Amino acid sequence: MSAAIEVHGLRKRFGGLTALDGVELEAHPAEVLGIIGVNGAGKTTLMNCICGIYRADEGRVMIGGRDVTHRTPHEIAHHGVGRTFQIPRVFRKMSLIDNLLVPVLDRDEADPALIERAENTLEHMNLIELRHNFAEELSGGQQKLLEMARMLMPDPTVVMLDEPFAGVHPTLCKFMIERIEAMAAGGKTVLLISHDLTSIYRLSHRVAALNEGRVIAMGSVDEIRSNPAVVEAYLGN
Amino acid sequence: MPPESSGAGRSIERASADRIYYTLAAVIGGTVGIYFLVVPVLDLNIAFHFYLMLWITMASAFNVAAGFSGYMPFGFVAFYGVGAFTTAILVKSLGFPVLLALPFSGVAGVILGLLFAPTLRLSGIYFAIVSLALAGICRLVISNMPDHITGGSFGLQLGSRAEPVHSFYVMMAVMLLALGTILWLSRSRLGKALRAVRDDAEAADMMGVNVTRVRLYGWLIAAFFPAVCGGVEAWYTNVVDTETAFNTLTTAKTVIYAVAGGLGTVTGPIVGSVVMVWLDELIWRQFPLLNLLILGVATVMLVLFLPRGIVGTILRRRPEWRRYIP
């Protein structure tokens, strides 16, 4: 099966700090690839390079076989890449419906059809009753769900979730896990960053462990759990 | 009737909300239009109502830059001044009929907007300061142009072309065009994209919004109308000079009126302009010597107690009205 996303030799430096140091990874359709690592390992930088916020110094990013390195974020979004953020970045003074319409503004579909799709997506995320509220009026957990709904609106092939469970109530966490499983079951490629190893191990088909900007281990959950380099990076000697 | 929670129920509810929204827009637009239409007929105060329409247009255009796009152009007067001089120069030096010169004022505003466009990469106070500086530069450039073009320190007089009633109705047409444009913008995809960029440009970019293009479109709409206002006001007063055409008080009043009504809505700048211009007039009549002092205190009180403006505060307290009020 061809990879939905491929990263080859990705390097990113901030002044004297090397945040990514030749990262190599690939993920396939319908696969959840967990990305773990201690703070500062380069997880979010990797996501930012993939979706075009940061310009990689070296290396290539391929989405669906097409080279998107150095493309702008909105061009990469049009290649079928969606994402959420560690701290929710919703459009605060827009209604939930309008938040969901933003990623599909360039679609040829008529407005009523898009609004209906947005409402169905909000229903799927248990947010339908709040559809006319401004996003700033939602709780932190609800904003995370809204981001997820917004990400799903254009039906992306690759979704990147940055710490989706951080600061979220366990009940909501369970709901989000079900939704992420549904995304993968629907054929989407999921890149999942989380410090919550229990959720990562439960959801991921494979896991990549990052340390100091390098992939130090990649494999199944069991392989990663027993990998001495990963254990050392997390727990020290 | 299907329950509101079902898809069909939501569709009916949406259609009903849209009907109320457009009916309200038509009622407000119709009332404003009819009111101003009869001002010359009933021999009401033409000057007062001319400037009321001018401020509604200016505040509404400013709303596109500030309320929809998130910029605070403190040099907004640059578009107004350049528009005023464009009409004056075309009429005085090149013999254009005034009505033909006015669209060129709008074009001049758009061209100036394009020249200022690189500053759109700035945000917040940095954009505001640069905008203010650019307005100063525009003023200096026009001041230093040859006297036979811009009239030097005396400015340009349009001679016997003053037609207060005609210019009044042209101002009304410009105001209605501006309000129609902003009503369309508030519901359009461009309007949604602008609001998304205003709230979080980087997130909007990652959602597929071409931030640079969207910002530019919003900026050019905001630049067009003040330039035309400048041209119409030049026609109305029959004289243009750099001192008045680039007066920073023009920007200050525009900002105050737009903020007083509430940025981000179509009705906010209309309400803000009507309330503040009337208040200004009333205070001026009762306390001519303390006019600016009392108006300043009133503005401070308004911003302190209604930081979201009149319409903004109402919609904050009654969020369910957001879908109905333009």
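For the structure itself, look to the data block above.
These figures come from a predicted structure and were not determined experimentally.

A.B. asks: So what about the interface of chain B and chain A? Which residues, and what values?
C.D. replies: The partner chain A presents 41 residues to the 26 residues of chain B that form the contact. For the chain B and chain A pair, buried surface summed over both sides reaches about 2,800 Å², with 52% attributable to carbon and sulfur atoms. Taken together, chain B and chain A are joined by 9 salt bridges. One salt bridge connects aspartate 200 of chain B with arginine 89 of chain A, and the closest N-O pair in it is separated by 2.8 Å. At the boundary of chain B and chain A, one finds 17 residue pairs in polar contact (both at pLDDT 80 or more). Within the residue set of the side of chain B that touches chain A, elements represented by two or more residues are helix H1 (7–41), helix H8 (189–199) and helix H9 (201–206) of chain B. Tallying contributions element by element places H8 of chain B first for the side of chain B that touches chain A, with 7 residues. Classifying every residue of the side of chain B that touches chain A gives 7 nonpolar, 3 polar and 16 charged.

A.B. asks: How would you summarise the pairing of strand E4 (residues 58–63) of chain A if you had to cite specific residues and measurements?
C.D. replies: All names here are of chain A. The pairing of strand E1 (residues 5–14) with E4 spans 5 bridges and is antiparallel. When the sheet's bridge partners are listed, glutamate 6 is paired in E4 with methionine 62. Judged from the 2 bridges that link them, E4 and strand E5 (residues 66–67) form a sheet pairing that is antiparallel. Each residue of the ladder has a partner; that of isoleucine 63, found in E5, is arginine 66. Between E4 and E5, which pair antiparallel in sequence order, lie 2 residues; one of them, glycine 64, sits at a positive phi of approximately 55 degrees.

A.B. asks: How would you explain unusual backbone geometry if you had to name every residue and give the values?
C.D. replies: Residues and elements named next belong to chain A. A positive phi angle is found at alanine 30, which is not glycine, with a value near 70 degrees. Among the secondary structure elements, alanine 30 is positioned in the loop between strand E2 (17–27) and strand E3 (32–36). Residue alanine 30 is classed as partly exposed on the basis of its relative accessible area of 36%. Positioned with a positive phi, aspartate 155 is a non-glycine residue whose angle comes to about 55 degrees.

A.B. asks: Break down the packing of helix H13 (residues 267–286) of chain B against helix H14 (residues 291–305) of chain B for me, citing the residues and quoting the values.
C.D. replies: Think of two packed helices as two axes; the pair is described by the angle between the axes and how far apart they sit. Residue and element names in this part refer to chain B. Direction vectors running N to C along H13 and H14 enclose 145 degrees, while the axes themselves pass 9 Å from each other. Seen from above, H13 lies across H14 with right-handed handedness. Contacts between H13 and H14 involve Met276, Leu279, Asp280, Ile283 and Trp284 from the first element and Asn291, Ile294, Leu295, Ala298, Thr299 and Leu302 from the second. Class assignment for the residues of the contact of H13 with H14 results in 8 nonpolar, 2 polar and 1 charged.

A.B. asks: Any details on the sheet that holds E3 of chain A? Residues and values, ideally.
C.D. replies: Residues and elements named next belong to chain A. Strand order in the open sheet formed by 6 strands is E6-E7-E8-E3-E9-E10, and the pairing between neighbours is mixed. In the strand order of this sheet, the two ends are held by strand E6 (81–83) and strand E10 (214–219), each with one partner. Direction aside, neighbouring strands of the sheet carry axes that sit 20 degrees apart on average. Looking at chain direction, E3 and strand E9 (residues 206–211) are connected through 4 bridges and run parallel. Across the sheet, leucine 33 pairs through a bridge with arginine 206, a residue of E9. On top of the sheet, helix H6 (residues 170–185) reaches E3, strand E7 (158–162) and strand E8 (189–193); it is set at about 145 degrees to E8, its chief contact.

A.B. asks: How would you sum up a nonpolar patch on the surface? Please name residues and give values.
C.D. replies: Residue and element names in this part refer to chain B. A surface patch of nonpolar side chains, about 990 Å² in accessible area, is lined by Phe287, Leu289, Leu290, Leu293, Val297, Val300, Met301, Leu304 and Phe305. Within the secondary structure, leucine 289 is located in the loop between H13 and H14. Judged by relative accessible area, which is 84%, leucine 289 ranks as exposed.

A.B. asks: So what about the sheet that holds E2 of chain A? Which residues, and what values?
C.D. replies: All names here are of chain A. Strand order in the open sheet formed by 4 strands is E2-E1-E4-E5, and the pairing between neighbours is antiparallel. The outermost strands of the open sheet, each flanked by one partner alone, are E2 and E5. As paired elements, E1 and E2 share 8 bridges and run antiparallel to each other. Bridged to lysine 12 within E2 is leucine 20. Lying on the sheet, helix H1 (residues 43–50) is in contact with E1, E2 and E4; it crosses E1 at an angle near 115 degrees.

A.B. asks: Give me the lowdown on the packing of aromatic side chains, citing residues and values where you can.
C.D. replies: All names here are of chain B. As enumerated under the stated definition, the model contains 18 aromatic pairs over all chains in all. Each ring, one from phenylalanine 85 and one from phenylalanine 246, has its centre 6.3 Å from the other, and the planes form 20 degrees; the classification is stacked. Of this pair, phenylalanine 85 sits in helix H3 (residues 77–92) while phenylalanine 246 sits in the loop between helix H11 (242–245) and helix H12 (248–261); the two residues are 161 residues apart in sequence, bridging distant segments of the chain. Residues phenylalanine 85 and phenylalanine 246 agree in their burial class; the two are buried.

A.B. asks: Explain the pairing of E10 of chain A residue by residue, including any values.
C.D. replies: All names here are of chain A. In this sheet, E10 lies alongside E9 in antiparallel orientation, the contact comprising 5 bridges. Within E10, the residue paired with leucine 210 across the bridge is valine 215. What sits between the antiparallel neighbours E9 and E10 is a turn of 2 residues, in which glutamate 212 has the positive phi angle 50 degrees.

A.B. asks: So what's going on with the environment of isoleucine 314 of chain B? Which residues, and what values?
C.D. replies: Residue and element names in this part refer to chain B. Of note, isoleucine 314 is situated in helix H15 (residues 309–317). The class for isoleucine 314 is partly exposed, based on a relative accessible area of 38%. With 52 residues separating them along the chain, isoleucine 314 and glycine 262 place their C-alpha atoms 9.6 Å apart.

A.B. asks: Just give me the short version of the nonpolar core, but keep the residues and values in it.
C.D. replies: Core analysis: the biggest nonpolar cluster contains 128 residues, and Leu10, Leu46 and Ile50 of chain A together with Phe36 of chain B have the highest contact counts within it. Per-element tally for this core: the top contributor is helix H2 (residues 46–68) of chain B, with 16 residues. Apart from residues lying up to four places away in sequence, phenylalanine 36 of chain B is in contact with His49, Leu52, Met53, Ile56, Phe168, Tyr169, Met172 and Met175 of chain B. Counting 46 residues, the second-largest nonpolar core is a separate cluster that includes Val104, Leu138, Leu146 and Val207 of chain A.

Cut-offs and rules
As a convention, each chain's residues are numbered from 1 in the sequence order in which they are written. Labels follow written order: the first chain is A, the first ligand is 1, and so on. Local features in this predicted model are restricted to residues of pLDDT 70 or higher, and side-chain atom pairs are both shown and tallied only at a pLDDT of 80 or more, whereas totals for entire chains, interfaces and linings draw on every residue. Excluding hydrogens and water, the side-chain figures rest on all heavy atoms present in the structure. Two residues qualify as a contact provided that any one of their heavy atoms is within 4.5 Å of a heavy atom in the partner residue. Once two parts are brought into contact, the accessible area they lose, counted with a 1.4 Å probe and summed over both, makes up the buried area. Each reported salt bridge corresponds to a side-chain nitrogen of Lys or Arg within 4 Å of a carboxyl oxygen of Asp or Glu. Under this definition, polar contacts are N or O atom pairs within 3.5 Å; protein pairs additionally need one hydrogen-donor-capable and one acceptor-capable atom, and for neighbouring residues in sequence, both atoms have to be side-chain atoms. Where helices and strands are cited, they refer to DSSP runs of H or I of at least four residues and of E of at least two residues respectively, numbered from the N terminus. Nonpolar residues are Ala, Val, Leu, Ile, Met, Phe, Trp, Tyr, Cys and Pro. Charged residues are Asp, Glu, Lys and Arg, and all others, Gly as well, are polar. In this scheme, strands are said to pair when DSSP sees at least two bridges between them. For the exposure calls, accessible area comes from a 1.4 Å probe over protein chains only, and a residue counts as buried if that area is under 20% of its type's maximum, exposed if over 50%, partly exposed in between. All axes here are fitted lines through C-alpha atoms, helices being fitted over the stretch that makes contact, and every angle between N-to-C directions spans 0 to 180 degrees. In this scheme, a crossing is called left-handed if the near helix is turned counterclockwise away from the far one by less than a right angle; it is called right-handed if the turn is clockwise. Like charges within 9 Å and nonpolar side chains (Val, Leu, Ile, Met, Phe, Trp, Tyr) within 5 Å are joined into patches, using only residues over 30% in relative accessible area that form no salt bridge. In short, Shrake-Rupley with a 1.4 Å probe defines the accessible areas, and a residue's cover is counted only from the protein chains shown. Only Phe, Tyr and Trp rings are paired, with Trp represented by its six-membered ring, and only when their centres lie within 6.5 Å; those with planes under 30 degrees apart are stacked, over 60 edge-to-face, the remainder tilted. Residues belong to one nonpolar core when they are buried, are Ala, Val, Leu, Ile, Met, Phe, Trp, Tyr or Cys, and are joined through side-chain atoms within 4.5 Å.

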